[in-house]
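# Breakdown of the fold
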Amino acid sequence: MNGCGNEILVVDLRETDARVRADAAIALAGRAETHFDQIMAIHRPATPGTDAYVRIINADGSEAEACGNGTRCVVQALAAETGRTHFTFETRAGLILAEEHEDGSISVDMGKPRFGWQEIPLAEEFRDTRAIELQIGPIDAPVLHSPSVASMGNPHAIFWAKQDVNAFALDRFGPILESHPIFPERANISIAQVTSPSSLTMRTWERGVGLTRACGSAACAAAVSAARTRRTGREVAVTQPGGTLTILWRDDDHVIMTGPAEWEWSGRLDPETGAYSRDAAEEREIG
Ligand SMILES: N[C@H](CCC[C@H](N)C(=O)O)C(=O)O
């Protein structure tokens, strides 16, 4: 599936105790046909009242706490299977509520953002995470500097650009910043341009993945950081290379992300080896 072009493999493991192994994920990510940004592995619920436990795996085999675009894909798959519209998932970052609307768009309650330096986490104390000391380029003439940092369950840094976000070599400095010592758990690195009080354009270098066409949690992190720094209001349209998401930072502090999800093809997968076969017809077992 894809969520705004973010490439997602939704893996249904509800009938087995098997888990997707890291080396199986790396093998799948390495093949053109199964290349993905995240695997959303659906497991049987671990907690009463939840619909599933969802494990999120990056292309490098590492685990992520949150994935907004992938969560919309899981909702669409399970809504198509069950006819239901409201879901509660458990992830490493806690409980996630989501719903599919009549027009097919999906909203995910991404929870409350966190801004404390230990919560993101950062390696050293920064009292004000609206702008931390970090820069790209020559010391006396940085290309970008003073990013906002936030956690949406996973760590994000947002650099604010005055010009087109495509003007920056995010493919070159993304990997350096992702693993910068200031981020002990690495971080997702984005560049955002405020285009109006209610809109942003951005690109993201994802932790454990690389350049992506969209990143839902980064869109949320950018939206709340923009509102916090008075660059925008609390509802913004966030445009990424793969499409546009609407992000609402509600007065109760929850961040609601709304956008599309798209099914592409289905098949059968061995989660332990990464061996798979694609279904012949366009038959959908899930979603
Ligand atoms: N694509 C995801 C984010 C994946 C985050 C992951 N790269 C990490 O935090 O390690 C999204 O739509 O929110």
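Residues numbered from 1 in each chain as written. Predicted model: local features only at pLDDT ≥ 70, side-chain atom pairs only at ≥ 80, totals over all residues. Heavy atoms only, no water.

## Quick word on the overall build of the protein chain
The secondary structure content of the protein chain amounts to four helices and 20 strands. Against the globule reference of 19 Å for 287 residues, the protein chain gives a C-alpha radius of gyration of 18 Å, in line with a compact fold. Dimensions along the principal axes, computed over C-alpha positions, put the protein chain at roughly 55 × 40 × 30 Å. Counting over 287 residues, the protein chain shows a buried share of 54%. Taking contacts inside the protein chain between residues at least 6 apart in sequence as the whole, the part at least 24 apart equals 60%. As presented, the protein chain carries roughly 12,700 Å² of accessible surface, and 47% of it is formed by carbon and sulfur atoms. Of the side-chain charges in the protein chain, 27 are positive and 41 negative, and the distance between the mean point of each set is 4 Å. (Helix = DSSP H or I, 4+ residues; strand = E, 2+ residues; numbered from the N terminus. Rg over C-alpha atoms; globule rule 2.2 N^0.38 Å. Buried < 20%, exposed > 50% of the residue type's maximum accessible area, 1.4 Å probe, protein only. Contact = heavy atoms within 4.5 Å. Areas by Shrake-Rupley, 256 points an atom, 1.4 Å probe, with all protein chains shown as cover. Lys, Arg positive; Asp, Glu negative; His and termini not counted. Charge placed at Lys NZ, Arg CZ, Asp CG, Glu CD.)

## Describing the site of the ligand
Among the 15 residues in the neighbourhood of the ligand, the closest are listed as Asn6, Gly68, Arg207, Gly216 and Ser217. A distance of 2.8 Å separates a nitrogen atom of the ligand from a polar side-chain atom of Gln38. Contact distances for the ligand include 2.7 Å between an oxygen atom and a backbone N or O atom of Ser217. Notes on the ligand: free accessible area 360 Å², of which the protein chains cover 100%. Put simply, the ligand lies in the largest cavity. For the shell around the ligand, a count of residues per class yields four nonpolar, nine polar and two charged. (Near = heavy atom within 4 Å. Polar contact = N/O pair within 3.5 Å; in protein donor to acceptor, adjacent residues only side chain to side chain. 1 Å grid on protein atoms, 1.4 Å probe; cavity = no way out; pocket = protein on both sides within 12 Å on 5 of 7 lines; lining within 4 Å. Sits in = over half its atoms within 2 Å of the grid points. Nonpolar A, V, L, I, M, F, W, Y, C, P; charged D, E, K, R; others polar.)

## Structural notes on the nonpolar core
Soluble globular proteins: nonpolar side chains tend toward being buried together. Phe89, Ile247 and Val255 are the most contacted members of the largest nonpolar core, which totals 52 residues. Not counting residues within four places of it along the chain, the set of residues in contact with Val255 comprises Val108, Asp109, Met110, Gly111, Pro113, Met152, Cys220, Val224, Ile247, Leu248 and Trp249. Within the second largest apolar cluster, 22 residues are counted, among which are Ile136, Leu144, Ile191 and Trp205. (Core = buried A, V, L, I, M, F, W, Y, C linked by side-chain atoms within 4.5 Å.)

## Observations regarding the layout of surface pockets
The space that makes up the second largest pocket amounts to roughly 200 Å³. Residues of the lining of the second largest pocket, tallied by class, amount to five nonpolar, three polar and two charged. (Points joined across faces, edges and corners; volume = space filled by probe spheres on them.)

## Thoughts on the UniProt feature "binding site: substrate" (unreviewed entry) in the protein chain
The sites that UniProt annotates as "binding site: substrate" (unreviewed entry) are Asn6, Gln38, Asn58, Gly68, Asn69, Asn154, Asn188, Glu206, Arg207, Gly216 and Ser217. Among the residues just listed, Asn6, Gln38, Asn58, Gly68, Asn69, Asn154, Asn188, Glu206, Arg207, Gly216 and Ser217 line the largest cavity. Along the chain, Gln38 falls in strand 3 (residues 38–43). A residue is classified by how much of its surface remains accessible, and Gln38, at 3% relative accessible area, is buried. Within the secondary structure, Ser217 sits in helix 4 (residues 216–228). (UniProt positions renumbered as here; feature names shortened; annotations may be inferred.)

## Here's the deal with the pairing of strand 11 (residues 148–151)
Side chains Ser148 and Ala150 project from strand 11 onto one buried face, and the interleaved Val149 and Ser151 project onto a second face that is buried too. Pairing analysis gives four bridges linking strand 11 to strand 12 (residues 155–160), with the strands arranged antiparallel. Paired with Ser151 across the strands is Pro155, a residue of strand 12. Taking the residues that link successive antiparallel strands as the turn, the strand 11-strand 12 hairpin has three residues, and the phi of Gly153 there is positive, at about 100°. (Pairing = 2+ DSSP bridges.)

## Considering empty space enclosed by the protein
Using the criterion set out here, one finds three cavities of 30 Å³ or more in the structure. Looking at the largest cavity, its volume works out to about 90 Å³. Gln38, Ala66, Asn154, Glu206 and Ser217 are, among the 15 residues lining the largest cavity, the residues nearest its centre. Elements represented by at least two residues in the lining of the largest cavity include exactly helix 2 (68–82) and helix 4. Here the second largest cavity defines a volume of roughly 40 Å³. For the second largest cavity, the full set of lining residues is Ile56, Glu65, Ala66, Cys67, Thr71, Thr91, Ile96 and Met110. The residue makeup of the lining of the second largest cavity, split by class, is five nonpolar, two polar and one charged.

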